[in-house]
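Next come the chains, spelled out residue by residue.
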Amino acid sequence: MNIFDFAHAFFSDSAHWQGYDGIPQRFLEHLQYSLLALAVAAAIGLPVGLLTGHTGRGGNALAFIANAARALPSFGLLVLVVLLIGFGLLPVMIPLVVLAVPPILVTTYEAVRTVDPSPVDAARGMGMPESRILFQVEVPVALPLILSGLRSAAIQIVSTATIAAYVSLGGLGRYIIDGLYQRDYEKVVGGATLVAFLALVTLVLFWAAGRFMVSPGVRRR
């Protein structure tokens, strides 16, 4: 059997579409882990990136932190956290958030720093407060690049959230881990296909968000 035969056999089996181990349930679990990790990472990365980008301070520190975080292996960090605090959702969230914060943080910083200074200086000359300059002048122009950082983080999270299965949680990684253990390659291929599909859906959603949220004038630049 080739990979397409395995995929067809997996998705055509009605047993894989119902119950606690069914595709809808596992897909929902994977989505929940991914959304939670992305929300936490965005809550950390966006404010820090916006503030440092607006003030122009802390760029070197951000680059150092981002490079250090990217060097950490997600699975190795998962194992370390499990050894320290035990099993549960938290040990999964920590490596996912550590993985997602750097692209959000660095891209947001760079996005704000690369905004044309002319309208920013004009806003300051008019007496506009710094908070309004940031959110009404800089962020609308920087939004495409900010969204690209969020998109990159989301794709990485979706692809890596399969590690939840290593600590007895659910998600699409359950098919991959259980399939390898059972030598059930239909499950392995099916799980990998579903992860790839979710990643593609994520790309499409961010593309749609960019079309909806970014000003047409900014998109044409």
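Residues numbered from 1 in each chain as written. Predicted model: local features only at pLDDT ≥ 70, side-chain atom pairs only at ≥ 80, totals over all residues. Heavy atoms only, no water.

## Details of the side chain of Thr162
For step 1, the next point in the chain: For Thr162, the location among the structural elements is in the loop between helix H7 (130-160) and helix H8 (173-182).
For step 2, the next point in the chain: Under the relative-accessibility criterion, Thr162 is labelled buried at 17%.
For step 3, the next point in the chain: Apart from the residues lying within four places of it in its own chain, the contact partners of Thr162 are His30, Gly173, Ile176 and Val195. (Helix = DSSP H or I, 4+ residues; strand = E, 2+ residues; numbered from the N terminus. Buried < 20%, exposed > 50% of the residue type's maximum accessible area, 1.4 Å probe, protein only. Contact = heavy atoms within 4.5 Å.)

## Structural notes on the nonpolar core
For step 1, the next point in the chain: Counting residues in hydrophobic clusters, the biggest one holds 43 residues, and the most contacted among them are Leu38, Val92, Leu96, Ile104 and Leu150.
For step 2, the next point in the chain: Elements with a minimum of two residues in this core: helix H2 (23-55), helix H4 (74-85), helix H5 (89-113), helix H6 (117-125) and H7.
For step 3, the next point in the chain: For this core, the element with the most residues is H7, which contributes 12 residues.
For step 4, the next point in the chain: Setting aside residues no more than four positions away along its own chain, Leu38 makes contact with Ile104, Leu150, Ala153, Ala154, Ile157 and Phe206.
For step 5, the next point in the chain: The next biggest cluster of nonpolar side chains, apart from the first, holds 6 residues, and it includes Ile23, Leu172, Leu194 and Val195. (Core = buried A, V, L, I, M, F, W, Y, C linked by side-chain atoms within 4.5 Å.)

## Let's talk about the confidence of the model for the protein
For step 1, the next point in the chain: Confidence along the protein averages 86 in pLDDT terms, with 96% of residues attaining 70 or more.
For step 2, the next point in the chain: Within the protein, no element has a lower average pLDDT than helix H10 (residues 216-219), which sits at 64, and none a higher one than H2, at 93. (pLDDT = per-residue confidence, 0-100.)

## A closer look at the packing of aromatic side chains
For step 1, the next point in the chain: All told, the structure shown has 5 aromatic pairs when counted by the stated rule.
For step 2, the next point in the chain: Between the aromatic rings of Phe10 and Tyr175, the centroid separation amounts to 5.2 Å while the plane-to-plane angle is 75°, which identifies the pairing as edge-to-face. With Phe10 in helix H1 (residues 3-12) and Tyr175 in helix H8, this residue pair connects regions lying 165 residues apart in the sequence. Per residue, the accessibility class of Phe10 equals that of Tyr175, and both read buried.
For step 3, the next point in the chain: One aromatic cluster is present, built from ring pairs that chain together Phe10, Phe11, Trp17 and Tyr175. (Phe/Tyr/Trp six-rings, centres within 6.5 Å; stacked < 30°, edge-to-face > 60°.)

## Side note on a nonpolar patch on the surface
For step 1, the next point in the chain: A cluster of nonpolar side chains, Leu36, Val40, Ile44 and Leu89, forms an exposed patch at the surface whose accessible area comes to about 290 Å².
For step 2, the next point in the chain: Mapping Leu36 onto the fold places it in helix H2.
For step 3, the next point in the chain: Since its relative accessible area comes to 38%, Leu36 is described here as partly exposed. (Patch = residues over 30% accessible without salt bridge, like charges linked within 9 Å, V, L, I, M, F, W, Y side chains within 5 Å. Areas by Shrake-Rupley, 256 points an atom, 1.4 Å probe, with all protein chains shown as cover. Salt bridge = Lys/Arg side-chain N within 4 Å of Asp/Glu carboxyl O.)

## Some remarks on the pattern of salt bridges
For step 1, the next point in the chain: Taken as a whole and assessed by the stated rule, the structure comprises 5 salt bridges.
For step 2, the next point in the chain: Linking Arg26 and Asp21 is a salt bridge whose minimum nitrogen-to-oxygen distance equals 2.9 Å. There is no split in this pair, since Arg26 and Asp21 are both buried.
For step 3, the next point in the chain: Residue Asp178 is joined to Arg174 by a salt bridge in which the shortest nitrogen-to-oxygen separation is 3.1 Å.

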